[in-house]
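# Coordinate analysis (summary)
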Amino acid sequence: MTLDLMLQKYPASSEYLIEALRDYQTAKIDHCVTEMEIVKIAKYFNVTESKVCSVVSFYSFLSEKPKGKYVIRICRDVPCFVNKSESILKTLETRLGIKPGETTTDGLFSLEFTGCLGQCDHAPAIRINEKTYVDLTPDKVKAILSEYREEKS
Amino acid sequence: MMVNLKINNIDVTVPENTTILDAAKANNIAIPTLCYYPDLRINSDCRICSVEIVGKKGLSTSCSTLVTEGMQVKTHTPRVINARKTITELLLANHDADCTACAKNMNCELQKLANVLGIDENRFARVLEVRPIDDHNPSLIRNSNRCIKCGRCIDVCRNIQGVNVLEAMNRGHDILISPPFGKYLSDEFCTFCGQCSSVCPVGAIIEKDETATVWNALHDPQKHVIVQVAPAIRVSLGEELGQKPGTIVTGKLVAALKLLGFTKVFDTDFTADLTIIEEGSELIKRITTGGVLPMTTSCCPGWINFAETYYPEILDHISSCKSPQQMFGALAKTYYAQKENIDPASIFVVSIMPCTAKKYEAKRSEMGSTENNLDVDVVLTTREAGKMLRQMGVEFENLSEMEFDKPFGTTTGAAAIFGTTGGVMEAALRTVYEIVNKKPLAVLDFVEVRGMKGIKEASVDLGGKTVKVAVAHTLANAKIIAEQIKNHESPYAFIEVMCCPGGCIGGGGQPYGTISKTRTDRLASLYAVDVAMPLRKSHENPDINKLYSDFLGSPLAKLSHELLHTKYQPKRRH
Amino acid sequence: MIEKKIISKRFDKIDPYSIADYIATGGYKPLIKAMTGERIDILSEVEKSRLRGRGGAGFPVAIKMMALAKEAASVKYIVCNADEGEPGNFKDRAIMEKDPHSILEGMIITAYATRATKGYIYIRCEYDKSIEIMRHAVDEARKNHFLGLKIDKIDFDFDIEIRLGAGSYVCGEEFALLESIEGKTGRTRVKPPFPTSVGLFGKPTEINNVETFANIPVIVDMGGDEFAKIGTKSSTGTKLLSLSGNVNNKGVYEIPFGIPIKTVIDELGGGVPDSRALKMVQLGGACGPIIPRYLLDMIIDFDRFDEFESKTGSGAIIVMDDRWDIFDILLRNVDFFKHESCGKCAPCREGHNQLARLLRKFTDRKATVKDLISIESLARVMHQTSLCGLGQTSPTSIISTLRYFREDYIDRLESLEV
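Rules used in this analysis
Residues numbered from 1 in each chain as written. Chains lettered and ligands numbered in written order. Predicted model: local features only at pLDDT ≥ 70, side-chain atom pairs only at ≥ 80, totals over all residues. Helix = DSSP H or I, 4+ residues; strand = E, 2+ residues; numbered from the N terminus. Domains from an automatic or database assignment. Nonpolar A, V, L, I, M, F, W, Y, C, P; charged D, E, K, R; others polar. Contact = placed C-beta atoms within 7 Å. Pairing = 2+ DSSP bridges. Axes fitted to C-alpha atoms, helices over the stretch in contact; angles between N-to-C directions. Parallel < 35°, antiparallel > 145°, perpendicular 65-115°, else oblique. Left-handed = near helix turned anticlockwise from the far one by under 90°.

Another point: unusual backbone geometry. With an omega of 0 degrees, the peptide bond running from Ala123(A) to Pro124(A) counts as cis. On the secondary structure map, Pro124(A) appears in the loop between strand 2 (109-114) and strand 3 (126-128). Geometrically, the link from Lys191(C) to Pro192(C) is a cis peptide bond, its omega value of -15 degrees lying close to zero. One can find Pro192(C) in the loop between helix 8 (174-181) and strand 4 (205-209). Despite not being glycine, Tyr28(C) shows a phi value in the positive range, around 65 degrees.

In structure tokens, the structure reads:
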């Protein structure tokens, strides 16, 4: 979806800024919004570019920096932590060869921490793009990663 | 209605809707504050002014809490003192606290706070992550390592100036006050008004200090160093040196600058008078020949930067006159050089301005009337001028008053009021009215255009036609004016625009701690200067008339056009 | 059985995508009763019920409702806080996914009672399924004239818009939430004024938690007095609990207030797995107190939780067995808050970073007596001076462990020298 088309979905009122940004980034392969896009978005909603930048940099699901095609977000808050989320983190780090905050060189995966996903009754949990995975074990994580890798090839 | 409460067990009665902070102050207790600034919005972010209210859990910030009947406030319990100390230590742990190597040393509100609280050690580890300094423009330096995220600069930039270059980026501990995209001020839409530097409690935003350049020039035997002093400085330099806000120090400041070693001390008021003649002539020409109207003033470099960046479509509406500072520079290196038989290349022009944008203006490439030679070499703010006088150890109060030097020393009351919002308009009307209507004004004071109202309007009879004029100060108000012009809805013929609140008396380079009250004091003093002047209309200034007859010819003529007028360039960022 | 299913009575029994199922099980009857039938005084029923907010702080709902009802503005808002981000809480998700119309019905009744004109449901964007179901429910309710113009043919217009978060815990704080709906960064405002006088877009606004709204139809249905008979004197009705951590049967349970925590863990949770011993329990979520075994007889009750000065009443119970070191747990909490602090006020912005550093000294066994004093002082200052609930409650786990697990702190000191 082009930015112009996406913007037309929203009334040109600044209250829809966050919704529009999130929608657009979700659809984009690198899940980020560039400087030129921010200029356009700011114009559409009649707000300053500073304001758009402050909003983008405030919310975890918005970004000015490009991310991998699949953004893996891992929860390590207490309910997940005491259900061995650290082993899930370790598996992800080893399998992907990256640390949280990094993206694989092929641009396929980014790894990030996230706040609680509200899946504590099925901890540990991770989220890959818009999909949540629960009741994880290291083996399940390996299988999930393979699926995503296959999807690419 | 009055409210009764107890502050530290003492009965206190204050009007309703008073904050605890003000109630305490009215009863001689200054609760320490940090992010609080009288003219700005209360965001109660620093939490330093916390107090105990009996019966309430937690502490309450006195800046944001209103008094209520029967309230019992304790301002200095051990719990409160510990909280203030703890928060201050937290701020210091994330602050470049190399105080003696900071421009704000002894002027820093965080430093003063730490001193008042008696902080002698910091329990917390230093966590400052050093970030690059932005000094890529002629006016301002932003040093994030000193920023304490009080939010004052954001407020002034967004809400007073309506520009919103600075915003809080990121969140939590990573928060960074910055222009968008992590860029420099010079890359983005900053007007260099410097209001942020004026309210910054620490050394995070300061003007670019050029005092060293001036010292070097003063002691360079090859240079003929002269200085011009803006209208607003005569009512603010005294304050910078410890006198009461609004103290008029015209004569002493001439003497002080002579002590520093300036060969000649001139008055920018002279070229303010000249501006009135040129700008007034331009206005009359535009009105009578069907030129582009409304015409706006052009003396304020913040306004020029704002228009070039945000309203490039209205640049035709801005008077082509250079600002008084630049007119002075141009004349200094031509007329004065010829008259005194000095090589223009050796003349070094220093300006003392209430303004940080003037530094930017002086460096504009079109501001050179002679070969490879900018007309104004260095611009110092009021604060920098004060700094030089302190460095010199000048005992300002003991100085005998002196007069400005000729040929740029004879001025009028009309020029003096250039320093306040409405002043340029009033000065212009005094002249334009008399020239067009060919009769003297009965009353010189145009009270409708005076005062602190954001946008002021007046009507004047010019040659039988009623002409509407307006005066705007702060960029948020300038924006309203600019929108009207852009949309062809402006009902005015002539508009004065000043970028800073109150005009130059509230400029971004004025003494720290400028608030509404200080602005009004300075404003009142400028009008007092006006009234006390033997001449109060620019066109009656004999030395201006001499300048035209000896050198320039007539207003808007070829030489005037070359030296005193300029062009504006749209600034397109993308 | 200690469970009492009032709010969760339809859970797994109806199709959440079917408004017909909801209506068939008595849904929207309270709404009709309130608006057209007996024309009962909703405000007084809610007042009699003594319902307290289910987000955690337990503020009396009737006070907010009456405050909003009194406002004369022509535009007034009802906002449902479905930004359930507190670690260990997932009961709002359960309501949204299993009985969405009960929330809508609660909002509509509240709007009718207060003459509010528009409602917003702010759902965190991580809750995909909740969003889908709630959107569907709003559409269905509109088609069935429970939302929109002239609801149920009477002269009352009210509609609901769903708004999504973009990854920020602090947007669960009421003013931050309003800012976020307005399209801004989620940074709270100075209080007062409170939202019921100056709220969303500057208009009077009542904000309640998902579960709170779900209680409204129940109260209208059974009457405030009957409702108040459930639970305890200070905490009426039932509470949805989010039970997680090291417990056999994690999940959402509904109990009347007054049940001891221990009973919940043992009877509903089936105890701690792998025959391990229970070491500690965190109540309310990351912002709540961590209490030891010997306090588990404590009943679930807002007044009982008052001493912790936190949002303990959200109903999260996170069980931890004896494998876990309190400092690892505390660090997880503090790292979470450090990441989620909006950065507006100084104690919260700077404090979490320092708390984390001090805690690491304890995990590394390098702490000094001075560090112990510093961490205690800092935690209390943050609690007392932070601008919003985040910084006020985030130090609770440290303050509580300093009280109940002080020996663990002493144990980690490098030396006892001052």
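Splitting chain B by domain gives domain 1 (2-76), domain 2 (140-211) and domain 3 (212-564). Considered class by class, the residues forming the side of domain 1 of chain B that touches domain 2 of chain B number 5 nonpolar, 1 polar and 2 charged.

Another point: the domain arrangement of chain C. Residue and element names in this part refer to chain C. Each domain of chain C was delimited in the assignment, giving domain 1 (19-228), domain 2 (238-321) and domain 3 (327-411). On the domain 2 side, the residues contacting the 13 residues of domain 1 number 18 residues. In terms of residue class, the side of domain 1 that touches domain 2 is built from 4 nonpolar, 5 polar and 4 charged.

Moving on, we get to the sheet that holds strand 9 (residues 316-321) of chain C. In sheet architecture, strand pairing relies on hydrogen bonds along the backbone and comes in two forms, parallel and antiparallel. Residue and element names in this part refer to chain C. Spatially, the 5 strands line up as an open sheet ordered 6-5-9-7-8, and their pairing is mixed. The sheet is open, and its two edges are formed by strand 6 (251-256) and strand 8 (290-292), each paired on a single side. On average, each strand axis in the sheet is inclined to that of its neighbour by 30 degrees, with strand direction left out of account. Of the strands in this sheet, strand 5 (238-245), strand 6, strand 7 (278-283) and strand 9 touch helix 11 (residues 261-268), which is tilted by about 70 degrees from strand 9.

Residue and element names in this part refer to chain C. Two numbers describe how helix 14 (residues 346-363) lies on helix 15 (residues 369-385): the axes approach to 10 Å, and their chain directions differ by 155 degrees. Taken as axis vectors, helix 14 and helix 15 run roughly antiparallel relative to one another. The two elements helix 14 and helix 15 cross, and the hand of that crossing is left-handed. Across the interface between the two elements, Pro 347, Cys 348, Gly 351, Gln 354, Leu 355, Leu 358 and Lys 361 from helix 14 touch Asp 371, Ser 374, Ile 375, Leu 378, Ala 379, Val 381, Met 382 and Thr 385 from helix 15. When grouped by side-chain class, the residues that make up the contact of helix 14 with helix 15 number 9 nonpolar, 4 polar and 2 charged.

To continue, consider the interface of chain A and chain C. Note on interface size: it is often stated as the accessible area lost on association of the parts. With 30 residues of chain A at the interface, the matching set in chain C holds 41 residues. Of all elements in the fold, only helix 2 (17-27), helix 4 (49-58) and helix 5 (78-81) of chain A reach the threshold of two or more residues within the side of chain A that touches chain C. Ranked by residues supplied to the side of chain A that touches chain C, first place goes to helix 2 of chain A with 4 residues.

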